Amino acid sequence: MSCGSWTSKQTVAIYSAALNKLHTNNDSTSGEYEEECPTCLSEKEKGEKLGCTLNHGNPKFRRRGNVTKNKRFQAQVKIAKKHIANNYVSRKTQAWFPGEIRSIRSYLIPHNSLPHTMLWTMLLFGITQGLRIDEIITMTVEQFLFKLFAIKDTHIQNLYHTVNGKTDGGDQDLVLWDDSYCPDMSSLRMVLLWVRLSGIKSGYLFPSLEHLSDRSVLASGKHDHYCYANVLKDIKFLHYDV
Ligand SMILES: [Zn+2]
């Protein structure tokens, strides 16, 4: 029914509506759908222009009516809809509810491993700062402006970092606030913990898995950033399986 890049599950409905609209503009393509009559056609070849006995005066030399009312068309629509219901995988942006974020945290933290801790830090940091995936994975220590951190006697009130988004046209300044009322959801605390655990002092904040296991590369700051395909895979897994 459709090919090319149309992957929306609304395609069948849109296609049917478009066909229906096309048909209503013309009398011969409106109303009930009727096939051509083979007897009328063979009579026509013999010179009889008024049609067969059954359709005399109203010859059916060609198909007429609205094709979307055709039983075969409707059967195909049904098959397509069933196929979509069984096979369609949504690729739109997914929004998580706070409860889902908590479930993801409860899943990731107990693993007590660097990769799981890094993933949780990336997610929480991205969520609180409203960042795109590519902005998170390419975040560097150098984007944090130490001079502008608010460090109190007993706690750190906020960090400060820049981000250069797709439509920003230059560095934008963002403040990363602590959340003392909900410390387990404080991305500031998680980022500080992550820096401490990973030992990263420069370069990408979230390294590739290969470099994450190599302390000397991490210390040198020459590590690669976490891979885009990996983070998409992680998010899909967390969304559907956790
Ligand atoms: Zn006929």
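These numbers come from a predicted model, not from an experiment. (Residues numbered from 1 in each chain as written. Predicted model: local features only at pLDDT ≥ 70, side-chain atom pairs only at ≥ 80, totals over all residues.)

The next point concerns unusual backbone geometry. A positive phi angle is found at Asn-112, which is not glycine, with a value near 55°. Looking at where Asn-112 falls in the secondary structure, it is placed in the loop between helix H4 (98-108) and helix H5 (114-129). A residue is classified by how many C-beta atoms lie within 10 Å of it, and Asn-112, with 8 of them, is exposed. (Helix = DSSP H or I, 4+ residues; strand = E, 2+ residues; numbered from the N terminus. Buried ≥ 20, exposed ≤ 12 C-beta atoms within 10 Å, placed from the backbone.)

Read across the open sheet, the three strands follow the order S1-S2-S3; overall the sheet is antiparallel. Two strands lie at the open edges of the sheet, namely strand S1 (150-151) and strand S3 (172-177), each paired on one side alone. Where S1 lies against strand S2 (residues 156-163), two bridges are found, and the strand directions are antiparallel. Pairing of Ile-151 across the sheet is with Ile-156, part of S2. Where helix H7 (residues 187-198) meets the sheet, its contacts fall on S2 and S3, and the angle it forms with S2 comes to roughly 80°. (Pairing = 2+ DSSP bridges. Contact = placed C-beta atoms within 7 Å. Axes fitted to C-alpha atoms, helices over the stretch in contact; angles between N-to-C directions.)

What follows concerns helix H10 (residues 228-241). Between its terminal C-alpha atoms H10 stretches 20 Å, which fits the 20 Å expected from 14 residues at 1.5 Å a residue. Taking burial as the measure, the 14 residues of H10 include one buried ones, a minor fraction of the element. (Expected span 1.5 Å × (residues − 1).)

Another aspect to go through is the pairing of S2. Between S1 and S2, which follow one another and run antiparallel, lie four residues. When S2 meets S3, the two strands line up antiparallel, connected through six bridges. The residue of S3 that forms the bridge with Thr-162 is Asp-173.

We now examine the confidence of the model for the protein. Averaged over every residue, the pLDDT of the protein is 89; the share at 70 or more is 95%. Confidence drops under pLDDT 50 across residues 1-5; counting only partners more than four residues distant or on other chains, this segment forms six contacts. (pLDDT = per-residue confidence, 0-100.)

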